[in-house]
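What the coordinates show
So you can see what is in the structure, the chains are spelled out below.
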Amino acid sequence: MNRYVRKLLPVLLFFISFCLSSCTSVSDHHGKLCLAKKGKAEFPIVIAKNASALTRTNAVVLSSYLRKMTGAGFAIEEGDGSAGIVLGRQEDFPALPKRFDANPADPQRTEEYLLFTHARGLLLVGASDLGAQNAMWDFLGRQGYRQYFPGPTWEIVPSVPRLTARYDEVQKPSYIMRSVWFTFGTYPERGLLYKDWCQKNRMESGFTINAGHTYDGIIAKNKDVFLKHPEYLAMVGGERKGAKFNVANPGLRQLVVDYKLAELRNHPEQMSVSMDPSDGGGWDESAEAKSIGSPSDQAITLANDVASVMEKDFPGRAVGLYAYNQHAEPPTIKVHKNVFILVATSFRGTSLSLKEQMDGWKKQGATLGIRDYLSYPAANYDIPARCAGGFPSHKSVGRFKDYHDWGARLYSAESGDNWGINGFMYYSVARMLWNVNDTRFVDGLKEEFLINCFGPVADEIRPYYEALSSGNSPVLAPAFFRRLYESIQAARLKTPGAAIDARLDDLTLYVRYLELYKKYADASGPARQQAAQEMFSHLYRARFHSTNHAYGIIRDLSGRDRSLGWTQEERKSFGRGVPLWEIQAPPEERISPELSLWEPRAPYEKKEILAIEADGVKNNPKLDFKPVSFSQDLVPAAPILTGEKTIAPGWLGGQAVHNILYYTWAEKAGSEWHVKVTCGTDSKGRPLGKIRPKVELWSAKEAEDVPVSVAEVDVEFGKTGDLVVKSPHAGLHWIVLSGARWQKLELDPGKSWTVTSSSDIPCQSQGAAETSTLYFYVPKGTSIIGAHFTGRGVLFNPEGKAVKNFDNAGYVKIDVPQGMDGHLWKVKDLRGGHFLLLTVPPYFAPSPRDLLLPREVVEAGRK
């Protein structure tokens, strides 16, 4: 090397390094594009000259968030897309350094977008304004931004002093429709927050299908026509009546087509119209209607008529309906290409598995989606054991990939504005609906959520969310409330900061609701009325927090519980989700149409929330024993009960309630189970007339999350129906019974039967007039039987001595004398509630032969 060059080498290297650092200051040593550093933006945000109002608004939003994250000011300029942080529709920029295959004319592809970095900037360009908006939130999300639940309390804006990026990818959603909607709706202010959450989590779909029940609406809007033409209605019991149609009638079909075309003319913004039948039964029983085919064939015949005419007059528009109830079975006729079917995951009037059902519809040409039930206030009222809340399992999240693999491209789910229990699930669902292959994130997302939202007190709050998870069988009782309050209080004591403290407020108000619901559920007479009023007041005052589906609970429970003596004025107020006594207005004006605009009672103040928390710890006693967890991998207990075969059989109450689960065992594949039900009377002794009980048989060896056999039959009053189910597997099975209450239930005497006493499926298959005498097993080494009960009954030890008479709801701790472990104990005359076992396996059976126990318990008992 020349000695002069050698002398100058350090200087040359420094100069080259300086030039590179100056000329490529927008890149780091990993080749990432540097967008901001040291409080200075490297690029402006660039929009097109003809940018829409939405994109201009989003540019301001992006600039604002980038300033919060980096401390840098990002200017907004108009440009051709060749440089800068480019935001907007691809078609609006003539000089983009890269493009993607966008088709903005296709309503099913409007959400697609390109993320691309190059030496002169970043592209956040979409097939449409919505696609660009999705690109923006995706970009911010990759930088650590999160909106876990609606509202500023649950927003995470990270500090990113040096903002870098490196992308070259096109994104599109796994599900082109992602609709999670609230039963009954919610308050206007909550609705705005939810819309904001949807935008930030890419849940604002560009393509939507209307599929709600519509037949009854058509009848209501054409009353005069149907009065003049009763032949348009279904023949039911020899009469033309109800809310189903005589699809065989040409006049009816023309009326429906004209009505739906007019709907589109009046609402040109609609992408689709619904042709879903009215809810319930009542299908046409006439020969002319049956000649068309099954209820599914009739529904599709009418939907095809509408789709065929729409294709000419409104090209690109779709027809939607559910595969649900009696029209769940795949049709025998082809489905028009513009008819979209949302397959319901519950209320399925078919013996097919969900996959088989979807395969059948797909075979006939249907474009498929899922109609799901994430939450329903009339069934769960935001109670943990009834919700899939807390932290969802891999299986519950992974099912979205299964649906997608089976052909679903649309998703619509009934849910609730109940983020206190279901919030993390909703956030997880949003992630999965965009990318079904993202299942690996579940465990990591839990930790991310806890650290982002609770930082230094994540360890204190982790037990709170774990306790709420339905898999942990939470029971509404003082010890449970105290456990939750103590987690919150432990976090407060560390003074985590204002943002985290605000989130703890939401947690406190949710626990308070659980206390008030428990108080209401256990009360009767005037005390129940007072408890309901207190609960409704709490829900309404806490509506600004992400806690409960206050609007839905108030609307549903106020009408459902007829034991409460609400006035007519109060009931009208509840219809708006508003407790009348919470409104500041003169009595003479309380029925004003402007009711919802009156000034409400003030939301909770901080001092009130802290007082609730302190009282919650003070007034709820601790549990003086530690619950023990057991697996659900059940096997026959007979091998460890050889000395107890002579025990007199007990009795499993013969009156089942909706959705009770019974475990059973098959010695070999191909086994059959017979379940007999007798149609009886309702709770007031009135004949039921006709019921349609359904039996679902599930197998532990079935890979799919579907029953292996389903049987359903109509049973008239006083008659008995025999439901037969069969399995291709040996081993553990369980049966779920659903339908109306019946007078008598007879389980197959040739099979073993065990019921679980966990809180999510409590052992309460009997009413006040029905009793059960059942056995449970106390493993060797057990010193305490810890339990929670709400009904009545008597507990007997293995020697046949009565040791406890249950007559008041609550927790109980019973000592197990030496030598009485490793044996069966008995609960006699159990009625009217549940007996939840917390320190021993939570399984009951009427005899040793019937009892199934966790595999680990049986194996330990053999030693």
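Quick caveat, the model's predicted, so the values are computed rather than measured.

**Comments concerning the sheet that holds strand 22 (residues 672-678)**
- Here we have three strands laid out as an open sheet, ordered 27-22-29, and antiparallel in their pairing. At either margin of the open sheet sits one strand with a lone partner, and together these are strand 27 (720-726) and strand 29 (744-747). Each strand of the sheet is rotated relative to its neighbour by a mean of 15°, with strand direction disregarded.

**Digging into the packing of aromatic side chains**
- Counted under the stated rule, the structure contains 49 aromatic pairs.
- Where phenylalanine 449 meets phenylalanine 454, the ring centres are 6.2 Å apart and the plane angle is 80°; that geometry is what we call edge-to-face.
- A relative accessible area of 0% places phenylalanine 454 in the buried class.
- Residues tyrosine 513 and tyrosine 517 carry aromatic rings whose centres are separated by 6.1 Å and whose planes lie at 45° to one another, so their mutual orientation is tilted. Placement of the pair is tyrosine 513 and tyrosine 517 together in helix 17 (residues 498-522), with a separation of four residues, close to one helical turn.
- Across the ring face of tyrosine 65, the terminal group of lysine 68 is positioned such that the distance to the ring centre comes to 4.7 Å.
- Here the guanidinium or amino end of lysine 826 rests over the ring plane of phenylalanine 796, the centre of that ring lying 5.0 Å away.

**Details of the pattern of salt bridges**
- This model, assessed by the stated rule, comprises 46 salt bridges.
- Here aspartate 417 makes a salt bridge to arginine 190, at a shortest N to O gap of 3.0 Å. With a gap of 227 residues between them, aspartate 417 in the loop between strand 19 (408-415) and helix 13 (419-434) and arginine 190 in helix 4 (residues 188-200) connect regions that are remote in the sequence. Like aspartate 417, the residue arginine 190 is buried in the burial classification.
- Residue aspartate 850 is joined to arginine 849 by a salt bridge in which the shortest nitrogen-to-oxygen separation is 3.3 Å.
- A single salt-bridge network, built from bridges that share partners, covers Arg492, Asp501, Asp505, Lys606 and Glu613.

**Some remarks on the sheet that holds strand 11 (residues 168-171)**
- Here we have six strands laid out as an open sheet, ordered 4-3-5-7-6-11, and mixed in their pairing. With one partner strand each, in any of the chains shown, strand 4 (76-78) and strand 11 form the two edges of the open sheet. The mean inter-strand angle of the sheet, taken between neighbouring strand axes irrespective of direction, is 20°.
- Judged from the three bridges that link them, strand 3 (residues 45-47) and strand 4 form a sheet pairing that is parallel. The residue bridging valine 46 from the neighbouring strand is glutamate 77, located in strand 4.

**Some remarks on the layout of surface pockets**
- Reported here for the second largest pocket is a volume of approximately 460 Å³.
- Around the second largest pocket sit 19 residues that line it, and Asp138, Gly141, Arg202, Tyr427 and Arg431 are the ones nearest its centre.
- The residue makeup of the lining of the second largest pocket, split by class, is five nonpolar, five polar and nine charged.

**A few points about the packing of helix 18 (residues 525-541) against helix 19 (residues 550-560)**
- Relative orientation of the contacting elements helix 18 and helix 19 amounts to 155°, with a least axis distance of 9 Å. What the angle tells us is that helix 18 and helix 19 run roughly antiparallel. The handedness of the crossing between helix 18 and helix 19 is left-handed. The residues of helix 19 that touch helix 18, namely those facing Met535, Phe536, Leu539 and Tyr540, are Ala550, Ile553, Ile554, Leu557 and Ser558.
- Taken together, the residues of the contact of helix 18 with helix 19 sort by class into eight nonpolar, one polar and no charged.

**Side note on helix 4**
- Its 13 residues place the ends of helix 4 19 Å apart at the C-alpha level, agreeing with the 18 Å of an ideal helix rising 1.5 Å per residue.
- Among the residues making up helix 4, those that are buried are Arg190, Tyr194, Trp197, Cys198, Gln199 and Lys200.
- Its buried side turned inward, helix 4 meets helix 2 (53-70), helix 3 (129-142), strand 8 (146-147), strand 9 (155-156), strand 12 (177-182) and helix 13.
- Backbone geometry just downstream of helix 4 places arginine 202 in the positive-phi region, at approximately 55°.

**Description of the environment of lysine 626**
- Considering the arrangement of structural elements, one finds lysine 626 in the loop between helix 21 (606-619) and strand 20 (634-636).
- Classification of lysine 626 by relative accessible area gives exposed; the value is 70%.
- C-alpha separation for the pair lysine 626 and glycine 786, spaced 160 residues apart in sequence, amounts to 8.1 Å.

**Concerning the packing of helix 16 (residues 478-492) against helix 17**
- Two elements in contact, helix 16 and helix 17, have axes whose closest approach is 10 Å; the angle formed by their N-to-C orientations is 165°. Of the possible angle classes, the one that applies to helix 16 and helix 17 is roughly antiparallel. Helix 16 and helix 17 meet at a crossing whose hand is left-handed. Touching Phe480, Phe481, Leu484, Tyr485, Ile488, Ala491 and Arg492 of helix 16 are Asp501, Leu504, Asp505, Leu507, Thr508, Val511, Arg512, Leu514, Glu515 and Lys518, all from helix 17.
- Taken together, the residues of the contact of helix 16 with helix 17 break down into 10 nonpolar, one polar and six charged.

Parameters and conventions
Residues numbered from 1 in each chain as written. Predicted model: local features only at pLDDT ≥ 70, side-chain atom pairs only at ≥ 80, totals over all residues. Heavy atoms only, no water. Pairing = 2+ DSSP bridges. Helix = DSSP H or I, 4+ residues; strand = E, 2+ residues; numbered from the N terminus. Axes fitted to C-alpha atoms, helices over the stretch in contact; angles between N-to-C directions. Phe/Tyr/Trp six-rings, centres within 6.5 Å; stacked < 30°, edge-to-face > 60°. Buried < 20%, exposed > 50% of the residue type's maximum accessible area, 1.4 Å probe, protein only. Lys NZ or Arg CZ within 6 Å of the ring centre and 35° of its normal. Salt bridge = Lys/Arg side-chain N within 4 Å of Asp/Glu carboxyl O. 1 Å grid on protein atoms, 1.4 Å probe; cavity = no way out; pocket = protein on both sides within 12 Å on 5 of 7 lines; lining within 4 Å. Points joined across faces, edges and corners; volume = space filled by probe spheres on them. Nonpolar A, V, L, I, M, F, W, Y, C, P; charged D, E, K, R; others polar. Parallel < 35°, antiparallel > 145°, perpendicular 65-115°, else oblique. Left-handed = near helix turned anticlockwise from the far one by under 90°. Contact = heavy atoms within 4.5 Å. Expected span 1.5 Å × (residues − 1).

Worth remembering: the numbers are spatial, not functional.
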